[in-house]
Amino acid sequence: MATKLKEADVVIVGMGWTGGIMAKELSDAGLTVVGLERGPPRSDADFSVPMIRDELRYAVRNELFMDVSRDTLTFRNTPGQQALPMRRLGSFLPGEGVGGAGVHWNGQTYRFSPHDHALRSRVEERYGKSFIPQDMQLADWPMSYAELEPHYDKFEYMAGISGKAGNIAGKIQEGGNPFEGPRAREYPNPPLKPSLASEMFTETTRKLGYHPFPRPAANMSRPYTNPDGIQLGECQYCGFCENFGCEANAKASPHITVIPAALRNKNFSMKPYAWVTRVNRTADGKRATGVTYTSVLTGEEFEQPASLVILCAYGFGNVHLMLLSGIGKPYDPVSETGTVGKGYCYQVATVVQSFFEDRIFNPFMGTGSLGVVIDDFNGDNFDHGPVGYIGGASIYSASLGGRPINQRGVPPGTPRWGSEWKKATARWYNRTLQMSVQGSNMASRYNYLDLDPTYRNAFGLPLMRMTYNFTDNDEKLSAHLTTVAHDIARAMGPTHLGAKAPRRAPYSIVPYQSTHNTGGAIAGHDPSKSALNRYLQSWDVSNVFVMGASAFPHNSGYNPTGAVGALTYWAADAIRTKYLKDPGPLLRT
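Described in the following lines is the structure provided in the data block. (Residues numbered from 1 in each chain as written. Predicted model: local features only at pLDDT ≥ 70, side-chain atom pairs only at ≥ 80, totals over all residues. Heavy atoms only, no water.)

1. Concerning the overall build of the chain
No. 1: Counting secondary structure elements, the chain contains 12 helices and 22 strands.
No. 2: Whereas a compact globule of 589 residues would reach a radius of gyration of roughly 25 Å, the chain reaches 23 Å, a difference of no more than 12%.
No. 3: For the chain, the spread of C-alpha atoms along the three principal axes comes to 70 × 55 × 50 Å.
No. 4: Burial statistics for the chain: of 589 residues in total, 60% are counted as buried.
No. 5: Here the analysis covers contacts within the chain between residues at least 6 apart in sequence; of these, 75% occur between residues at least 24 apart.
No. 6: Of the charged side chains in the chain, 59 are positive and 54 negative, and the gap between their average positions amounts to 2 Å. (Helix = DSSP H or I, 4+ residues; strand = E, 2+ residues; numbered from the N terminus. Rg over C-alpha atoms; globule rule 2.2 N^0.38 Å. Buried < 20%, exposed > 50% of the residue type's maximum accessible area, 1.4 Å probe, protein only. Contact = heavy atoms within 4.5 Å. Lys, Arg positive; Asp, Glu negative; His and termini not counted. Charge placed at Lys NZ, Arg CZ, Asp CG, Glu CD.)

2. Side note on the sheet that holds strand β4 (residues 73-76)
No. 1: Taking strand neighbours across the sheet as the criterion, the four strands line up as β5-β4-β20-β19 in an open arrangement whose pairing is mixed. Across the chains shown, the open sheet's two edge strands, defined by having one partner strand only, are β5 (84-85) and β19 (448-456).
No. 2: Packed onto the sheet, helix α9 (residues 314-325) meets β4, β19 and β20 (462-467) and runs at close to 120° relative to β20. (Pairing = 2+ DSSP bridges. Axes fitted to C-alpha atoms, helices over the stretch in contact; angles between N-to-C directions.)

3. Remarks on the state of the cysteines
No. 1: Evaluation of the coordinates by the stated rule reveals zero disulfides.
No. 2: C246 takes part in no disulfide bond, and the closest cysteine sulfur to it belongs to C241, at a distance of 6.4 Å. (Disulfide = S-S within 2.5 Å.)

4. Examining the nonpolar core
No. 1: Ranked by internal contacts, the top residues of the largest apolar core, which has 140 residues, are M22 and I310.
No. 2: For this core, the element with the highest residue contribution is helix α12 (residues 561-579), accounting for 11 residues.
No. 3: Apart from the residues lying within four places of it in its own chain, the contact partners of M22 are I12, S27, I310, C312, M547, T568, A571, A572 and I575.
No. 4: L119, Y127, M136 and M442 belong to the second largest nonpolar core, which has eight residues in total. (Core = buried A, V, L, I, M, F, W, Y, C linked by side-chain atoms within 4.5 Å.)

5. Points about the pattern of salt bridges
No. 1: For the structure shown, the criterion picks out 24 salt bridges.
No. 2: Between K24 and D228 there is a salt bridge; the shortest N-O distance is 3.4 Å. On the criterion of sequence distance, the pair formed by K24 in helix α1 (residues 17-28) and D228 in the loop between β9 (224-225) and β10 (231-232) is long-range, its members being 204 residues apart.
No. 3: Residue K24 is classed as buried on the basis of its relative accessible area, which comes to 10%.
No. 4: Overall, the relative accessible area of 21% leaves D228 in the partly exposed class. (Salt bridge = Lys/Arg side-chain N within 4 Å of Asp/Glu carboxyl O.)

6. As for unusual backbone geometry
No. 1: Following V49, the chain continues to P50 via a peptide bond in cis, the omega torsion being 5°.
No. 2: Following A505, the chain continues to P506 via a peptide bond in cis, the omega torsion being 5°.
No. 3: Within the secondary structure, P506 is located in the loop between β21 (496-497) and β22 (544-546).
No. 4: The phi torsion at Y314 lies on the positive side, around 60°, for a residue other than glycine.
No. 5: Mapped onto the elements of the fold, Y314 is located in helix α9.
No. 6: Phi at E336 takes a positive value of approximately 55°, unusual for a residue other than glycine.
No. 7: With respect to the helices, strands and loops of the structure, E336 is situated in the loop between α9 and β15 (348-355).

7. Topic: the packing of aromatic side chains
No. 1: As enumerated under the stated definition, the model contains 32 aromatic pairs in all.
No. 2: Of note, R183 hangs over the ring of Y187, and the distance from its end group to the ring centre comes to 4.2 Å. (Phe/Tyr/Trp six-rings, centres within 6.5 Å; stacked < 30°, edge-to-face > 60°. Lys NZ or Arg CZ within 6 Å of the ring centre and 35° of its normal.)

8. Observations concerning the packing of helix α6 (residues 145-159) against α12
No. 1: At a minimum axis distance of 8 Å, the contact between α6 and α12 shows a crossing angle of 110°. Regarding the angle of α6 to α12, the classification is roughly perpendicular. As for the relative orientation of α6 and α12, their crossing is right-handed in sense. Here α6 contributes E147, L148, H151, Y152, K154, F155 and M158 to the contact with α12, which in turn contributes T561, G562, A563, G565, A566, L567, Y569, W570 and D573.
No. 2: Of the residues belonging to the contact of α6 with α12, the class tally is nine nonpolar, four polar and three charged. (Parallel < 35°, antiparallel > 145°, perpendicular 65-115°, else oblique. Left-handed = near helix turned anticlockwise from the far one by under 90°. Nonpolar A, V, L, I, M, F, W, Y, C, P; charged D, E, K, R; others polar.)

9. Points about a nonpolar patch on the surface
No. 1: Together, L56, V60 and I405 give the surface a local cluster of nonpolar side chains, amounting to about 210 Å² of exposed area.
No. 2: Summarising the element assignment, V60 is placed in helix α2 (residues 55-60).
No. 3: For V60, a relative accessible area of 36% puts it in the partly exposed group. (Patch = residues over 30% accessible without salt bridge, like charges linked within 9 Å, V, L, I, M, F, W, Y side chains within 5 Å. Areas by Shrake-Rupley, 256 points an atom, 1.4 Å probe, with all protein chains shown as cover.)

10. A few points about the pairing of strand β2 (residues 8-13)
Residues in a regular strand project their side chains so that they alternate between the two faces of the sheet.
No. 1: Among the six residues of β2, five are classified as buried, and the element is accordingly described as predominantly covered.
No. 2: Note that β2 and strand β14 (residues 301-311) share five bridges and pair parallel. Bridge assignment links A8 to a residue of β14, and that residue is A306.

11. Here's the deal with α12
No. 1: Between its terminal C-alpha atoms α12 stretches 25 Å, which fits the 27 Å expected from 19 residues at 1.5 Å a residue.
No. 2: Among the 19 residues in α12, 15 count as buried, and that is most of the element. (Expected span 1.5 Å × (residues − 1).)

12. Observations concerning helix α7 (residues 196-207)
Because each turn of an α-helix spans 3.6 residues, side chains separated by three or four positions end up pointing in the same direction.
No. 1: The end-to-end C-alpha separation of α7 is 17 Å, in line with the 16 Å expected for 12 residues at 1.5 Å each.
No. 2: Every buried residue of α7 is accounted for by A197, S198, M200, F201, T202, T204 and T205.
No. 3: Looking at the packing, one finds that the buried side of α7 touches β16 (371-374), β17 (393-398), β18 (432-439) and α11 (472-491).
No. 4: Directly after α7, the chain includes G209, whose backbone phi takes a positive value near 90°.

13. Some remarks on the packing of α1 against α12
No. 1: Contact pair α1 / α12: the axes reach a minimum separation of 10 Å and the direction vectors enclose 25°. Between α1 and α12, the angle is such that the two are roughly parallel. As α1 runs across α12, the sense of the crossing is right-handed. For the pair formed by α1 and α12, the contact residues are W17, T18, I21, M22, E25, L26 and D28 on the first element and T561, V564, G565, T568, Y569, A571, A572, I575 and R576 on the second.
No. 2: The residue makeup of the contact of α1 with α12, split by class, is nine nonpolar, four polar and three charged.

This is the structure:
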């Protein structure tokens, strides 16, 4: 029998970016807040030199990621297949522990475009309704870019983003992204120092008529103190950023920003190793009464009562808990009814490599978001009529840091093993430039999440089942934009050009592609088509709010963390200024 604990005003499930922001905002408002995290605690001391520079431990054996021996998901491409458990991480890398994926992320921090927020309306307006494929579940976001702009700004200043604005109050800025939506002010920090690869990409894309700009980065270009008084160090370009915690406190992460700021408030407490197994509800199911969790250290079960439950457990965790707890109706792709599990999206990502005999890139130097990007083929920034698909991609050259185990680029035709392969990896280590295409992904009728009827996790609960495949729209997007990237690489004049390999169905869950999983608990205007309203409040259980990319109606051609942060501040503001004054549904149907 579960031990019942003292009631709190708010219980937060998951202590990554969204959980940390909510903890800070709601404890500042005077509420008693309990944060539960299923993984271990983290601190800056965990990531000190030299231990953090262990590629085998962190980037190969996945020290900071989801433990699939305890809980995983099952996967299949189509509803007619038998789903099987994902027994090792591959295509994506969900985080675990205090800070979540915000500990090991790269720090790329984009804003979604105004077009993304009104996607269906703009596609219909420009190309007509018949341009939308029959099974594509295209939808507008239930809030506009203009409504989110102050919250994007707040996230960027909290996280100390380094970058160059492209549009301040409607005036285009030299050197920034001319396609971005209007912003109120400049980034808090200037861009990072460019690498040779960045300079070559910038020069070439400008000659081709495109509009390169430095990638917005949560890696500090200079020492920074944020509005909460949290100090961040200057990036050292050490190359151990993606998959690692930062040794210099130079990468904004929840465990060194919003969480310690929240912990200054005595009315906030945090419990690591607390695995939430369900959201408890009243007998009529209309209100949540708190959560039940198991200590993964002792196996003891606890009930944490609370007046308000906020799910911040990464997209998969949020949807899984909603399905396990009966919050909302599960999605059925046959009848297209139900909303929980609907709209799962991924990204369509490809890589183009080029090799230069006469260039030395020093790839050991880098950081998570160091690079240059073009937005000319993203959103509505080009004519989709001739190419016949919806969506787009950011195309960029990045200098993330070439580490000795995984940095093994070689030209086409190189043997895949043996002495010649070893010579080639040594020869081309310093001479390889990599470009990437980060393609958007639209919701499709048969791509969804539900509970697996066969397999269970360590707590005896059904695993979540993913049904996902690339669509015809995805294949057209990938073929077109991989060709664009290939042409940019060729224009740089490499000695060797890597193979052109666009994504095609069937999607494979094995090779790493992106950790940008979205949807499953999407926000919308209509409770028959969405799980959440525009304030990320459950339509069905009004004292449950659900944060994170699970609320996205589709996935864009950007990294999602900037939008996730803005949405969280938007929802926190709604809770503070609207819900607390009149607890109940913020929108009536």
